[in-house]
Amino acid sequence: MNDSSMKQRGLSVLDRPNSYIGKTVPRPNLGRLMQGRGQYVSDLTLPRMAHVVFLRSPYAHARILKIDATEAKAMPGVIAVVTGVELAKVISPWVGVLSHLKGLKSAPQHAIAVDRACWQGEAVAAIIATSRALAEDAAELVSVDYEELVPVTDMRTALDPATPVIHPDLGDNLAFERNLDAGAVDQAFRESDEVVEAEFVFGRHTGVTLEPRAVLADWNSGDERLTVYLGTQAPHMVQNIAAKHLGLDEPQVRVVCKDVGGSFGIKVHIYADEMATLALSKLLRRPIKFVADRVESFNTDIHARDHVCKARIGVSKNGTINAFEIDDVTGIGPYSMYPRTSAIEANQVVNLVGGPYTTQNYRARTRVVFQNKNVTCQYRGVGHPIACSITEGLVDLAAQRIGMDPFEIRRRNLIRDDAYPCGSPSGLKFEALSHHASLDKLYAMMNYGALRAEQAALRKQGIYRGIGIASFIEVTNPSAAFYGVGGARISSQDGVAVRLDATGRVICQTSITEQGQGSESLTAQIVGSVLGVSMERVRVILGDTDNTPYGGGTWASRGAGIGGEAALQAAKVLRNNILDVAAAILQAKPADLDIVDNAVVDVHGGQQRIELHELARIVYFRPDTLPPGFQPELMATRHFVPREYPFAFTNGIQASWLEVDTRTGFIKLLKHWVVEDCGTIINPQLVDEQIRGGVVQGLGAALYEHCIYDERGQLTNANMADYLVPMSGEMPDIDVGHIVSPTLDGELGAKGAGEAGTAAAAAVVANAVNDALSPFNVTVTEIPLTPRVILTALGRI
């Protein structure tokens, strides 16, 4: 049925016959990937392709006095050795600031260091050879004279007068500061029966993607065009930045993103070594490939979550939360990352602390400081795990202080489900959330009363198990309020073009990208549902700036809510166009026709009238048989960006059941529960697995993952033997439940789901550990929760 007939019957676009929305269906790319036929950058080989290896500084902070590459250049197979000074003639530096983050500053950063190396691992020279092995051998022959400088490594003392300033032109080591004071904070604390304070410490960690960062750049001097093969989340952003800093027009740059072996925000940024590879291709007029090894990944992939936050909460004896206050410090390395900046996470912490709760009394300060360590920036969750850990940690400590059950204190303070729309003291706008419905569902899922009884019985036997819960909100579907207002050319909209080809199949070109989360599947499900076409007849093309509409790509859980809505709208237009053609052929009214199972049918009775492949044959090969003056159009393009709300907030709650061995400090995860509300669910299996994957990354942060630096700024565990990641043996069963509150800022109603699992996982584990250790009167507010941290808290070491 067409739009008008559906509206008359009170149906939405998603209520169509044979809809795939809300159903678990196989991914379209599953067969190819399972057969090992994915196409990753490492798989690509081009004629005359050379390989680049970067010589990296062994010092956290050092002046580059002299580089001698004479021996390296003389080696057979070595094409060139290029320094930062030489490459700077080809590519301009950048500064990672956004205008809407008032006061944010950073120094110009070069693709290869020019006069100083500012962290251990910063590239100081590029060695280009006919093979990776030859380039690595040649790199050992490049001699660099350094003058080692005093590194800034401790974020707590980075702003002290005695601490060296990394970039003297900036005046100090403060990159960004934000202060917020809402409501009557001082009065609220004075009137509170209890004020609980704590210092929360969050260790650095990184993404550890299965596929390391890789780029292949091909400058064609005949076409004066650069083709970039890159595993990225935002191809059009890369196109713009490459053109800008290489002195090209955007149409001179094509970015191709095929398969990506995981990203998690790691591959949404522009890295200096990637930009250097592009510049080297232009300089040497040949294809150049760079693939990071695992040590390089640990030293140069962005890090995240390096925070120390002093916080307090005021609460009345009846459980009413009166106020929150935080003072946060985070270290970001020597530069603000380009172009999304390293201040976004700290800014998000300020925005999100206290977010699920009704109190309007909130004071916050965050300071972002430079360090001589690898750069930090956005990684899965972007501030959510920090804000959630602080908020939910304080709420649990307050409940413990007044002797109230953790569920009950949340029931009394979470924003009511009938209170929307509303806002937070930090200025966030909430359209519709479901905190209480989520809380009730979780309570039932985990059989809370039985767990408490089991916990009490086991404690009598000297077995210490804990229950932790944590509510959360999650930023998804960012609109123009995110980067565009700050001046970065990162599109807030996404576009989709759909067309019926000459065989009656559907080609769909979308600007969102695929990193394994299911973008190809959700797009095909939406388009197939709206058009009445089986999914196997929908081909999705993505990740190519030459062949997709302009858009922002996939980050901040925006693929379904923004890209999916664009797909829905484009498919609606194409369906109406197809029905107009069918009506002309069949001498019927479009309102009396629909498309079901790849054929045009009568709305009443469902009798098949003409199959799509026959309709396409007529349009493409016998248009002379159509009525005079009738011009069929079997292609439609639509873009979408949310308008009503800057973000589509999701929400949910998690719970953890675990056991702490008080003799060894080891933590055993027993069970994990998640209830989340991502609006319309397109593919239940994909959503649940995204949530589980997010939980696992959050558990890694809570218990295992930590980039450990010494006082000289040396990363001491840049390998998979010393940097621990969660494996299948450590993971508990993760039960997932849903509440559905569709956003009305679009017909699809979908919000994001990709970061919900990460948002609260660390918080819920920390709360469960403190619950387990409550008989010992100790509180732990540091992650990762290693055995050393546990045993130190217990006074055992």
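Conventions and cut-offs
Residues numbered from 1 in each chain as written. Predicted model: local features only at pLDDT ≥ 70, side-chain atom pairs only at ≥ 80, totals over all residues. Heavy atoms only, no water. Helix = DSSP H or I, 4+ residues; strand = E, 2+ residues; numbered from the N terminus. Rg over C-alpha atoms; globule rule 2.2 N^0.38 Å. Buried < 20%, exposed > 50% of the residue type's maximum accessible area, 1.4 Å probe, protein only. Contact = heavy atoms within 4.5 Å. Areas by Shrake-Rupley, 256 points an atom, 1.4 Å probe, with all protein chains shown as cover. Lys, Arg positive; Asp, Glu negative; His and termini not counted. Charge placed at Lys NZ, Arg CZ, Asp CG, Glu CD. Phe/Tyr/Trp six-rings, centres within 6.5 Å; stacked < 30°, edge-to-face > 60°. Pairing = 2+ DSSP bridges. Axes fitted to C-alpha atoms, helices over the stretch in contact; angles between N-to-C directions. Salt bridge = Lys/Arg side-chain N within 4 Å of Asp/Glu carboxyl O. Core = buried A, V, L, I, M, F, W, Y, C linked by side-chain atoms within 4.5 Å. Domains from an automatic or database assignment. Arc of directions from axis to C-beta. Polar contact = N/O pair within 3.5 Å; in protein donor to acceptor, adjacent residues only side chain to side chain.

Draft legend 1. Focus on the overall build of the chain. Scanning the chain for helices and strands turns up 20 helices and 31 strands. For a compact globule of 797 residues, the expected C-alpha radius of gyration is about 28 Å, and the chain comes in at 28 Å, within 12% of that figure. Its C-alpha atoms give the chain principal-axis dimensions of roughly 85 × 75 × 45 Å. Here the chain holds 797 residues, and the buried ones make up 64% of them. Expressed as a percentage of contacts within the chain between residues at least 6 apart in sequence, the contacts between residues at least 24 apart total 80%. In the form shown here, the chain has an accessible surface area of approximately 29,000 Å², with 49% of it arising from carbon and sulfur atoms. Distance from the positive charge centre (75 side chains) to the negative charge centre (89 side chains) of the chain: 2 Å.

Draft legend 2. Representation of the packing of aromatic side chains. Scanning the entire structure with this criterion turns up twelve aromatic pairs. For the ring pair Phe298 and Tyr723, a centre distance of 4.9 Å and an interplane angle of 50° mean the geometry is tilted. Here Phe298, found in helix α9 (residues 294-300), pairs with Tyr723, found in the loop between α18 (684-703) and β30 (733-738); they are 425 residues apart in sequence, far enough to count as distant. We classify Phe298 as buried; its relative accessible area is 2%. The interplanar angle of 65° and the centroid separation of 4.5 Å between the aromatic rings of Phe407 and Tyr448 together place this pair among those described as edge-to-face. With Phe407 in helix α12 (residues 406-413) and Tyr448 in helix α14 (residues 448-459), this residue pair connects regions lying 41 residues apart in the sequence. For the pair Phe407 and Tyr448, a shared accessibility class is recorded, and that class is buried.

Draft legend 3. Structural detail: the environment of Asn318. Counting through the fold element by element, Asn318 comes out in the loop between β15 (307-315) and β16 (321-331). Each C-alpha atom, one on Asn318 and one on Ile409, is 8.8 Å from the other, the two residues being 91 residues apart in sequence.

Draft legend 4. Structural detail: the sheet that holds strand β17 (residues 362-369). Reading across the sheet, the six strands line up as β7-β17-β16-β15-β8-β31 and stay open at both edges, with mixed pairing between neighbours. Two strands lie at the open edges of the sheet, namely β7 (174-182) and β31 (782-783), each paired on one side alone. Looking at chain direction, β7 and β17 are connected through eight bridges and run antiparallel. Residue pairing for β17: Ala182 is matched across the bridge by Tyr362. Against the sheet, helix α10 (residues 344-352) makes contact with β7, β15, β16 and β17, and its axis sits at roughly 170° relative to β17, the strand it touches most.

Draft legend 5. Here's a closer look at the pattern of salt bridges. Counting across every chain of the model gives 45 salt bridges. Note that Glu147 is salt-bridged to Arg63, the shortest N-O span being 3.1 Å. Pair noted here: Glu147 is in strand β6 (residues 143-148) and Arg63 is in strand β2 (residues 62-68), with a separation of 84 residues, a long-range link. Residue classification places Glu147 among the partly exposed positions, given a relative accessible area of 35%.

Draft legend 6. A look at the sheet that holds strand β26 (residues 608-611). With antiparallel pairing, the three strands of this open sheet are ordered in space as β24-β25-β26. Both outer strands of the open sheet, β24 (593-596) and β26, are each paired with one neighbouring strand and no more. If you compare each strand with its neighbour and ignore which way they point, the axes differ by 30° on average. When strand β25 (residues 599-602) meets β26, the two strands line up antiparallel, connected through three bridges. Bridging from a neighbouring strand, Val600 pairs with Ile610 of β26. Running at roughly 55° to β26, helix α17 (residues 612-621) makes contact with β24, β25 and β26 of the sheet.

Draft legend 7. Region of interest: the nonpolar core. Counting residues in hydrophobic clusters, the biggest one holds 175 residues, and the most contacted among them are Ile390, Val765 and Leu785. Examining the composition of this core, we find that twelve residues originate from one element, helix α19 (residues 756-772), more than from any other. Counting the residues that make up this core, at least three belong to each of domain 2 (44-149 + 210-263 + 267-299) and domain 3 (384-479 + 648-794). Look past the residues within four positions of Val765 in its chain and what remains in contact with it is Ser656, Leu658, Leu669, Leu699, Ala702, Leu703 and Leu785. Counting residues in each nonpolar core, the second largest holds 50 residues, with Leu14, Leu531, Val581 and Ile618 among its members.

Draft legend 8. Geometry of helix α13 (residues 435-445). Buried within α13 are the following residues: His435, His436, Ser438, Leu439 and Leu442. Along the axis of α13, the buried positions cluster into a sector of 160°, meaning they face one direction only. Among the structural elements, α12, β20 (464-474), β28 (650-660) and β29 (667-677) are those in contact with the buried residues of α13. One or two positions beyond α13, positive phi appears at Asn447, with a value near 50°.

Draft legend 9. Highlighting the environment of Gln378. On the secondary structure map, Gln378 appears in the loop between β17 and α11 (384-402). Residues Gln378 and Arg305, spaced 73 residues apart in sequence, show a C-alpha to C-alpha distance of 9.0 Å. When neighbours within four sequence positions are excluded, Gln378 is seen to be in contact with Gly265, His269, Ile302, Arg340, Thr341, Ile344 and Tyr483. Polar side-chain contacts of Gln378 include one of 2.6 Å to the side chain of Tyr483.

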